[in-house]
Amino acid sequence: MAAHELNEIARSIVADDKGILAADESTGTIGKRFDSIGVESTEEQRRAYRNLLFTTEGFEDFIGGVILFDETIRQASDDGTPFGELLAAKGVVPGIKVDTGAKALAGAPGETITEGLDGLRERLAEYHTLGARFAKWRATYSVGDGRPSDYCVSVNAHALARYAALCQEAGIVPIVEPEVLMDTGHSLEDSAAATARVLVRLYEELAAQQVDLTGTLLKPNMVIPGKGASDQASPQRIAEATVSCFRELVPASVPGIVFLSGGQSELEATENLDAVNRVDDRPWPLSFSYGRALQASALAAWAGSPDNVEAAQQAFLHRARMNALAAGGGWSSDVEEAVPA
Ligand code: 13P
């Protein structure tokens, strides 16, 4: 596929302040989400829940791409339309999670390496026939006690670049997702330092493996203190630290940066996204690729009952709209309250 076609796909996903719905929870992760609302995780319940999200009327005004899990891309809506087709018909680009998870990194206690390269070329070819036009691979890095180690940063960058090169060969836009985790007690400065080291190594590897940056999207953490930090930064500090780190290290040829929510509440994720979009001098669109921060209210409203589908869709649509406003730097607590979930 010509380079400009990958670039067009990437740009279309984040056009007009749109972002991405990360609905690619593995069977294990969606099981945890369903546990939290007391719903048994059967294949049919998982399908019914994804059906609810993808048939929400008007969500395509705010969401340009949806990341699916292997099981989901093979499932269909209530009327039998395969989910990939349903999304494409709405102008939403279907994507696919292709890593097989973060596993313990040998010789590096507390650190992980993301797996999934074996057979990836063949899997990508099949996902392309199922309609996927972008993919996701997530590497995770914990902070503290000497972590992330150079070793962890280096092997994950190498794997991300190998994945990205294979995606481009298959005509699929790779989302490269290096996630500095926020589950420890590190400071904003520690987050900035770890994020910078991860990005430097990542872009070195992407260059070394001849990945065309114009046909990629970056999905990073925001530069944000860990959950346990005593000094929780304001949205303005988070925004300034985030944009200054990325401005220095992410080439302007990258067509978009789509943040993960990473454990922020729905409101924090929206407020911080809005704040980063109010900082001057941003060479790329800064948008969202949220999982929990787009779904928490919808999941709670649904609670596994067909009677609650409409309320859950309203909650999802509301969060999608709020985040698209934030991607344009036009969100406020007034608009948040003016449109009840
Ligand atoms: P969260 O927004 O819940 O962090 O999920 C995004 C994602 O896709 C993580 O890989």
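One can find the structure itself at the top, above this paragraph.
1. Regarding the overall build of the chain
Step number 1: A count of helical and extended segments in the chain gives 13 helices and 10 strands.
Step number 2: At 19 Å, the chain has a C-alpha radius of gyration in line with the 20 Å of a compact globule built from 341 residues.
Step number 3: Along the three orthogonal principal directions, the C-alpha set of the chain runs to about 50 × 45 × 40 Å.
Step number 4: Expressed as a percentage of the 341 residues in the chain, the buried residues total 56%.
Step number 5: Pairs at least 24 residues apart make up 78% of the contacts formed inside the chain by residues separated by at least 6 positions.
Step number 6: Of the roughly 13,300 Å² that the chain leaves accessible, carbon and sulfur atoms contribute 49%.
Step number 7: Within the chain, the 49 negative side-chain charges are centred at a point lying 3 Å from the centre of the 29 positive side-chain charges.

2. Here's the deal with the pairing of strand 3 (residues 93-97)
Step number 1: Counted residue by residue, strand 3 has five buried out of five residues, so it is predominantly covered.
Step number 2: Burial of the side chains of strand 3 extends over both faces: Val93, Gly95 and Lys97 are buried on one face and Pro94 and Ile96 on the other.
Step number 3: Strand direction decides the pairing type here: strand 2 (residues 63-68) and strand 3, joined by four bridges, are parallel. For Val66, the partnering residue across the bridge sits in strand 3 and is Pro94.
Step number 4: Both strand 3 and strand 6 (residues 134-141) contribute to a ladder of three bridges, which runs parallel. Its bridge partner being in strand 6, Ile96 is matched across the sheet by Ala135.

3. Overview of the packing of helix 2 (residues 27-36) against helix 3 (residues 43-54)
Step number 1: In contact at an axis separation of 11 Å, helix 2 and helix 3 are set at 80 degrees when each is read in the N-to-C sense. On the basis of their axis angle, the class for helix 2 and helix 3 is roughly perpendicular. For the pair formed by helix 2 and helix 3, the contact residues are Thr27, Ile30 and Phe34 on the first element and Gln45, Arg46, Tyr49 and Arg50 on the second.
Step number 2: Class assignment of the residues belonging to the contact of helix 2 with helix 3 gives a composition of three nonpolar, two polar and two charged.

4. Considering the state of the cysteines
Step number 1: One pass over the full model with this rule turns up zero disulfides.
Step number 2: Note on Cys152: no disulfide assigned, nearest cysteine sulfur contributed by Cys245 at a separation of 17 Å.
Step number 3: A relative accessible area of 9% means that Cys245 is categorised as buried.

5. A word on the site of the ligand
Step number 1: As a structural note, the neighbourhood of the ligand is formed by 13 residues, with Lys136, Lys219, Ser261, Gly262 and Arg292 the closest of them.
Step number 2: When isolated, the ligand has an accessible area of 300 Å², and the protein chains bury 92% of it.
Step number 3: Mapped by element, the contributors of at least two residues to the shell around the ligand are strand 6 and strand 10 (286-290).
Step number 4: Across the shell around the ligand, the residue classes tally to three nonpolar, four polar and six charged.

6. Side note on the pattern of salt bridges
Step number 1: Under the defined criterion, the tally for this structure stands at 22 salt bridges.
Step number 2: Its salt-bridge partner being Arg138, residue Glu179 comes within 2.5 Å of it at the nearest N-O pair. One end of the pair, Glu179, is in strand 7 (residues 173-180); the other, Arg138, is in strand 6, with 41 residues separating them in the sequence.
Step number 3: Assessed through its relative accessible area of 30%, Arg138 is described here as partly exposed.
Step number 4: Of the charged contacts in the structure, one is a salt bridge between Arg319 and Glu336, with a shortest N-O distance of 2.8 Å. Of this pair, Arg319 sits in helix 12 (residues 309-327) while Glu336 sits in helix 13 (residues 333-338), placing them 17 residues apart in sequence.
Step number 5: Glu336 gets classed as buried once you look at its relative accessible area, which sits at 12%.
Step number 6: Look at the salt bridges and you will find they share partners, linking Asp24, Lys136, Arg138, Glu177 and Glu179 into a network.

So, how was this worked out
- Residues numbered from 1 in each chain as written.
- Predicted model: local features only at pLDDT ≥ 70, side-chain atom pairs only at ≥ 80, totals over all residues.
- Heavy atoms only, no water.
- Helix = DSSP H or I, 4+ residues; strand = E, 2+ residues; numbered from the N terminus.
- Rg over C-alpha atoms; globule rule 2.2 N^0.38 Å.
- Buried < 20%, exposed > 50% of the residue type's maximum accessible area, 1.4 Å probe, protein only.
- Contact = heavy atoms within 4.5 Å.
- Areas by Shrake-Rupley, 256 points an atom, 1.4 Å probe, with all protein chains shown as cover.
- Lys, Arg positive; Asp, Glu negative; His and termini not counted.
- Charge placed at Lys NZ, Arg CZ, Asp CG, Glu CD.
- Pairing = 2+ DSSP bridges.
- Axes fitted to C-alpha atoms, helices over the stretch in contact; angles between N-to-C directions.
- Parallel < 35°, antiparallel > 145°, perpendicular 65-115°, else oblique.
- Nonpolar A, V, L, I, M, F, W, Y, C, P; charged D, E, K, R; others polar.
- Disulfide = S-S within 2.5 Å.
- Near = heavy atom within 4 Å.
- Salt bridge = Lys/Arg side-chain N within 4 Å of Asp/Glu carboxyl O.

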